[in-house]
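Residue strings, one per chain:
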Amino acid sequence: MAATRPRWGVMGLGKISNDFSCSIIANGSTIAAVAARDLQKAQDFADKFGAKRAHGSYQDLVEDPEVDVIYVGTIHAVHFQNVKMALEAGKHVVCEKPMGVNTAEVRELIELARSKKLFLLEALWTRFFPAIRKAREVLASGELGEPRYVQGNFGFVAPPEDEPHRLWDPEQAGGAMLDIGPYVLSAATMVFGSTVPEQIACTGQLAKTGVDKDCVLALSWAGKGSASLLCTLSTNLPDEVLVVCSNGQLRIHPPAHCPLRITVAKAVGGGQFEEEVHNFELPHCPECVSVNFPNSEGFLHEVKAVEDALQKGLLECPEYTLDESLAMVQIMDAFRKQIGVVYPFDK
């Protein structure tokens, strides 16, 4: 396994799986099988991406002997059961965020993967973009001094609350925090480490259905620094991150969750900075397919990282570890507890 390229399976065939699959074939990799609850939908998807087999059930996919690693692109509420099914069948797994809707689910999946010595990744694709790799390199070099403060925001206008939609549905783990919260939270844990902050203060607004539509968090890591984060489903926000350091600042330009540009600003005096801008190109999407979301061509960076980790025999990606996934969901749980969001699966 470690010496050969892994063969992919794709579970759940919606828009995000389409975009991830574009990068699998852009990488020259093999999609061995795909699965949907509707066999015809699976066959159409297989035909589109050149997959060898289409399955009409997820169980058939995890039992497919020619699949090594499964990408889970189903809805939030079923990630836990889908990932668990794949791990129990002996498959490596890449699961769209959030990997689970609460700490108990994520901890169980991590323990299962580690006990079976299987690769597991919560697919926070942001971490694999070259712009983010460069940002981490700059911060680690110390050229900007010590990180002190992180500001991050991400927001868009969701469909009206009175319309049926997964974002407003508690049964589908709806709300802003689980949908876009991981992007702003991961900016803070990237800077201050994969631990739960000692201080977590949250506020927000609830939708009519009881899920969160606005999330405001103030986090503080003792001896390290603080973060001020905002995500919302009620207004458009820039989607940017600012890391303030003792000798300058680093800006991750919009869209910060899939960025192509950062600015490194070194302090040279009171309120004055010398700026250096770093720009990055998107990979190309194969002409035979197209993506649904902005910068989805960048999934290629994640595909390459996963395959590299598997070929090296690693059980997780160093860019986004399982310990960080666990810290992230604990922060999200604390947020939901403070503002009063309870899902059916929490009871």
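Here the structure is a predicted model, which is why all the values come from computation and not from measurement.

The rules behind these values
- Residues numbered from 1 in each chain as written.
- Predicted model: local features only at pLDDT ≥ 70, side-chain atom pairs only at ≥ 80, totals over all residues.
- Heavy atoms only, no water.
- Helix = DSSP H or I, 4+ residues; strand = E, 2+ residues; numbered from the N terminus.
- Rg over C-alpha atoms; globule rule 2.2 N^0.38 Å.
- Contact = heavy atoms within 4.5 Å.
- Lys, Arg positive; Asp, Glu negative; His and termini not counted.
- Charge placed at Lys NZ, Arg CZ, Asp CG, Glu CD.
- Pairing = 2+ DSSP bridges.
- Axes fitted to C-alpha atoms, helices over the stretch in contact; angles between N-to-C directions.
- Buried < 20%, exposed > 50% of the residue type's maximum accessible area, 1.4 Å probe, protein only.
- Right-handed = clockwise from strand over helix to strand, strands pointing away.
- Core = buried A, V, L, I, M, F, W, Y, C linked by side-chain atoms within 4.5 Å.
- Salt bridge = Lys/Arg side-chain N within 4 Å of Asp/Glu carboxyl O.
- Disulfide = S-S within 2.5 Å.
- Parallel < 35°, antiparallel > 145°, perpendicular 65-115°, else oblique.
- Nonpolar A, V, L, I, M, F, W, Y, C, P; charged D, E, K, R; others polar.

Next up on the list: the overall build of the protein chain. Counting secondary structure elements, the protein chain contains 10 helices and 14 strands. Over its C-alpha atoms the protein chain spans a radius of gyration of 20 Å, differing by no more than 12% from the 20 Å that the globule rule assigns to 347 residues. For the protein chain, contacts bridging at least 24 residues in sequence account for 66% of all contacts bridging at least 6. Side chains of the protein chain carry 32 positive and 44 negative charges; the gap between the two charge centres is 3 Å.

Across the sheet, which stays open at both edges, the 6 strands sit in the order 3-2-1-4-5-6 with parallel pairing between neighbours. Of all strands in the sheet, those bounded by a partner on one side alone are strand 3 (53-55) and strand 6 (120-123). Here the strands of the sheet are splayed against their neighbours by 20° on average, with no regard to which way each runs. Here strand 2 (residues 30-35) runs beside strand 3; their pairing, made up of 3 bridges, is parallel. Its bridge partner being in strand 3, A33 is matched across the sheet by R53.

A word on the pairing of strand 4 (residues 69-72). Along strand 4, one buried face is formed by V69 and Y71 and the opposite face, lined by I70 and V72, is buried too. Bridge count between strand 1 (residues 7-11) and strand 4: 4 bridges; the pairing is parallel. Bridging across to strand 4, W8 finds its partner in V69. Across 4 bridges, the pairing between strand 4 and strand 5 (residues 92-96) is parallel. Directly across from Y71, in strand 5, lies its bridge partner V94. Handedness of the crossover joining strand 4 and strand 5 through helix 4 (residues 79-88) is recorded here as right-handed.

Here the focus is the nonpolar core. Of all hydrophobic cores here, the largest spans 115 residues; its most connected members are V34 and L217. Residue contacts for L217: discarding those within four places in its chain leaves M177, L185, A201, C202, A227, S228, L229, I331 and F335.

Let us now look at the pattern of salt bridges. Throughout the structure, instances matching the rule amount to 17 salt bridges. Where R114 meets D323, a salt bridge forms, and the shortest distance between an N and an O atom there is 3.3 Å. On the criterion of sequence distance, the pair formed by R114 in helix 5 (residues 103-115) and D323 in helix 10 (residues 322-339) is long-range, its members being 209 residues apart. A residue is classified by how much of its surface remains accessible, and D323, at 41% relative accessible area, is partly exposed. Note that K312 is salt-bridged to D308, the shortest N-O span being 3.1 Å. Classification of K312 by relative accessible area gives exposed; the value is 57%.

Turning our eyes to something else, we now look at the side chain of H257. Tracing the backbone through its elements, the reader meets H257 in the loop between strand 12 (248-252) and strand 13 (261-269). Ignoring anything within four residues of it in the chain, the contact list for H257 reads W125, T126, F154, Y183 and D239.

With that out of the way, let us pick up the state of the cysteines. Within the structure shown, the criterion is met by 0 disulfides. Here C215 stays unpaired: no disulfide links it, and the sulfur of C231, its closest cysteine neighbor, is 3.6 Å away. For C215, a relative accessible area of 0% puts it in the buried group. C231 gets classed as buried once you look at its relative accessible area, which sits at 0%.

Glancing now at the packing of helix 4 against helix 5. A pair of packed helices is captured by two measures, namely the crossing angle of their axes and the spacing between those axes. Across the interface, helix 4 lies against helix 5 with an axial gap of 10 Å and an inter-helix angle of 10°. Taken together, helix 4 and helix 5 sit at an angle that is classed as roughly parallel. Contacts between helix 4 and helix 5 involve F80, V83, K84, L87 and E88 from the former and E105, E108, L109, L112 and A113 from the latter. A breakdown of the residues in the contact of helix 4 with helix 5 according to their chemical character gives 6 nonpolar, no polar and 4 charged.

Distances and angles like these do not, on their own, reveal function.
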